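Chain by chain, the residues:
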Amino acid sequence: MGLKIYVGGQFVDEDDARVSVFDHGLLYGDGVFEGIRVYDSNVFMLDAHLKRLYNGARVIRLAIPMETGDLKAKVCETVKVNGITDGYVRLVVTRGKGDLGLSPTKCANPNVIIIASTIKIYPDEVYEQGLRLVTVSTRRSNPDALSPQIKSLNYLNHILAHLEVLHAGADEGLVLNDSGYITECVVDNFFVVLDGAVITPPTNTGALNGITRMVVFQICGELGIPIREEQLSLVECYTSDECFLTGTAAEIAPVTRIDDRPIADGKPGPITVRLMKEFKEFTRGHGTPVT
Ligand code: PXG
């Protein structure tokens, strides 16, 4: 049986789930989205995801036609009606139907879409052996041109970068900013461990303020592991003690090779392994129950 999708204010079968060809989400990538995990019938970090969604919408002056509480309840309902206990929610708000002009002023009804399904992006071995990254030539959009804090429906910058990852036969990519410093991975945040401290690039130089990234800060704080934001060069990554990446889909994943250079001994490092274990614990206590 197919999925039940929430679109246009109701649940419909996935084959009947449609948006207009005049929706500016399609015509211009005008809209915002979130990818959210469900663990054991609890929607993980739902409040933080909704906060980021509403903030992005505020920046692009998109009025989400639902109160936060109602949207929260609808996300949970979508998970429930699809019988998902462990899975992934894609929450999308498009500008809605307009005309062929760019202006959103003609788009009277923004469209809320909720899809609840399952996800597995890497096989289990990858979490034991570590991911291989390649530095891509596509630079992250300058924050002055498009803030990385808006999780917008325009992901072409990321898709161009991902094409390079595919071409290189790697698992993920390292994306630099205009100054040549690391911003993040293509669709994940990036961290190194150096002399016992966890370091990640600051969000104002090109990284998304990832929810999993925030969780890593919280876990490190609770465990007393030093963690800070700092600009990182490629050389600092190559010579670090450990590397890992974070994202809703990837969770915490060790990185053991960058541009064909093994990181330290080429195996997942002890702090990374500890954080992976602590993250699993954390997912159990920080969700919104779907019932
Ligand atoms: N940076 C970017 C650019 C992202 O799109 C993250 C970091 C991680 O953020 P969270 O909040 O998830 O910890 C993302 C995540 C995928 C996929 O297939 C992931 C994202 C978007 C689209 C697809 O893994 N976003």
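Residues numbered from 1 in each chain as written. Predicted model: local features only at pLDDT ≥ 70, side-chain atom pairs only at ≥ 80, totals over all residues. Heavy atoms only, no water.

Q: Describe the packing of aromatic side chains, with residues and values.
A: To describe a pair of aromatic rings, you give the distance between the ring centres and the angle between the ring planes. Within the structure shown, the criterion is met by seven aromatic pairs. Measuring from ring centre to ring centre gives 6.2 Å for F44 and F282, while their planes differ by 90 degrees; the resulting arrangement is edge-to-face. One end of the pair, F44, is in strand β4 (residues 42–44); the other, F282, is in helix α8 (residues 270–285), with 238 residues separating them in the sequence. Taken as a pair, F44 and F282 share a single burial class, namely buried. With a centroid separation of 6.4 Å and an interplanar angle of 65 degrees, the aromatic rings of Y122 and Y127 are classed as edge-to-face. The exposure classification of Y122 matches that of Y127, with both residues buried. Between the NZ or CZ atom of R261 and the centre of the ring of Y238, over which it lies, the distance is 4.1 Å. (Phe/Tyr/Trp six-rings, centres within 6.5 Å; stacked < 30°, edge-to-face > 60°. Helix = DSSP H or I, 4+ residues; strand = E, 2+ residues; numbered from the N terminus. Buried < 20%, exposed > 50% of the residue type's maximum accessible area, 1.4 Å probe, protein only. Lys NZ or Arg CZ within 6 Å of the ring centre and 35° of its normal.)

Q: Requested: an account of helix α6 (residues 211–223), with residues and values cited.
A: Relative to the 18 Å expected for 13 residues at 1.5 Å per residue, α6 spans 18 Å between its end C-alpha atoms, a close match to the ideal helical length. Within the sequence span of α6, burial applies to I211, T212, R213, V215, V216, I219 and C220. One or two steps after α6, the chain reaches G224, where phi turns positive at roughly 75 degrees. (Expected span 1.5 Å × (residues − 1).)

Q: I'd like a rundown of the layout of surface pockets, residues and numbers included.
A: Rolled over the atoms, a probe sized like a water molecule indicates the empty space that remains. The volume enclosed by the largest pocket comes to roughly 840 Å³. Along the wall of the largest pocket there are 40 residues; nearest its centre are F33, K151, Y155, V186 and V187. Mapped by element, the contributors of at least two residues to the lining of the largest pocket are β3 (31–39), α2 (46–59), β5 (87–94), α5 (156–168), α6 and β13 (242–247). Per-element accounting of the lining of the largest pocket gives the leading share, five residues, to α5. Class assignment of the residues belonging to the lining of the largest pocket gives a composition of 17 nonpolar, 15 polar and eight charged. Both of domain 1 (4–117) and domain 2 (126–283) provide at least three residues apiece to the lining of the largest pocket. Considering only enclosed or pocket space, the second largest pocket measures out at about 560 Å³ in volume. Lining the second largest pocket are 23 residues; nearest its centre among them are R37, Y39, Y127, E251 and K280. Listing elements by their share of the lining of the second largest pocket, those giving two or more residues are β3, α4 (124–129), β14 (251–258) and α8. Considering each element in turn, the lining of the second largest pocket owes the most residues, six residues, to α8. Residues that form the lining of the second largest pocket fall into these classes: 10 nonpolar, four polar and nine charged. (1 Å grid on protein atoms, 1.4 Å probe; cavity = no way out; pocket = protein on both sides within 12 Å on 5 of 7 lines; lining within 4 Å. Points joined across faces, edges and corners; volume = space filled by probe spheres on them. Nonpolar A, V, L, I, M, F, W, Y, C, P; charged D, E, K, R; others polar. Domains from an automatic or database assignment.)

Q: Could you give an account of the nonpolar core, with specific residues and numbers?
A: In this structure, L133, F190, V198, F244, L245, I258 and L275 are the most contacted members of the largest nonpolar core, which totals 41 residues. With sequence-adjacent residues up to four places away left out, I258 is seen in contact with L133, L174, F190, C237, Y238, C243 and I263. One finds C76, V79, I84 and I114 within the second-largest nonpolar core, a separate group that totals 26 residues. (Core = buried A, V, L, I, M, F, W, Y, C linked by side-chain atoms within 4.5 Å. Contact = heavy atoms within 4.5 Å.)

Q: Help me get a handle on the site of the ligand, residues and values and all.
A: Taken together, 20 residues form the shell around the ligand, and within it K151, Y155, E184, T212 and T248 come nearest. One of the side-chain nitrogen or oxygen atoms of R52 is found 2.9 Å away from an oxygen atom of the ligand. Between the ligand and I211 there is a distance of 2.7 Å, counted from an oxygen atom to a backbone nitrogen or oxygen. Here the ligand loses 88% of its free accessible area of 550 Å² to cover by the protein chains. Going through the elements one at a time, α6 and β13 are the ones with two or more residues in the shell around the ligand. Split into classes, the residues belonging to the shell around the ligand amount to seven nonpolar, seven polar and six charged. Looking at which domains feed residues into the shell around the ligand, each of domain 1 (4–117) and domain 2 (126–283) gives three or more. (Near = heavy atom within 4 Å. Polar contact = N/O pair within 3.5 Å; in protein donor to acceptor, adjacent residues only side chain to side chain. Areas by Shrake-Rupley, 256 points an atom, 1.4 Å probe, with all protein chains shown as cover.)

Q: How would you summarise α8 if you had to cite specific residues and measurements?
A: If you check α8, its first and last C-alpha atoms are 23 Å apart, about what 16 residues at 1.5 Å a residue would give, namely 22 Å. Among the residues of α8, I271, T272, L275, M276, E278, F279, F282 and T283 are the ones counted as buried.

Q: Explain the environment of L3 residue by residue, including any values.
A: Of note, L3 is situated in the segment before β1 (4–7). Residues L3 and V81, 78 residues apart in the sequence, show an inter-C-alpha distance of 8.9 Å. Leaving out residues up to four positions away in the same chain, L3 has contacts with V12, D13, E14, N82, I115, A116 and S117.

Q: How would you explain the side chain of N111 if you had to name every residue and give the values?
A: With respect to the helices, strands and loops of the structure, N111 is situated in strand β6 (residues 111–117). Ignoring sequence-local partners within four residues, the contact set of N111 consists of V7, G8, V19, D23, V92, V93, T94 and G96.

Q: With reference to specific residues and values, describe unusual backbone geometry.
A: Positive phi, close to 50 degrees, is recorded for D40, a residue that is not glycine. In this model, S41 sits at a positive phi of 60 degrees, which is unusual for a non-glycine residue. With respect to the helices and strands, the residue S41 is situated in the loop between β3 and β4.

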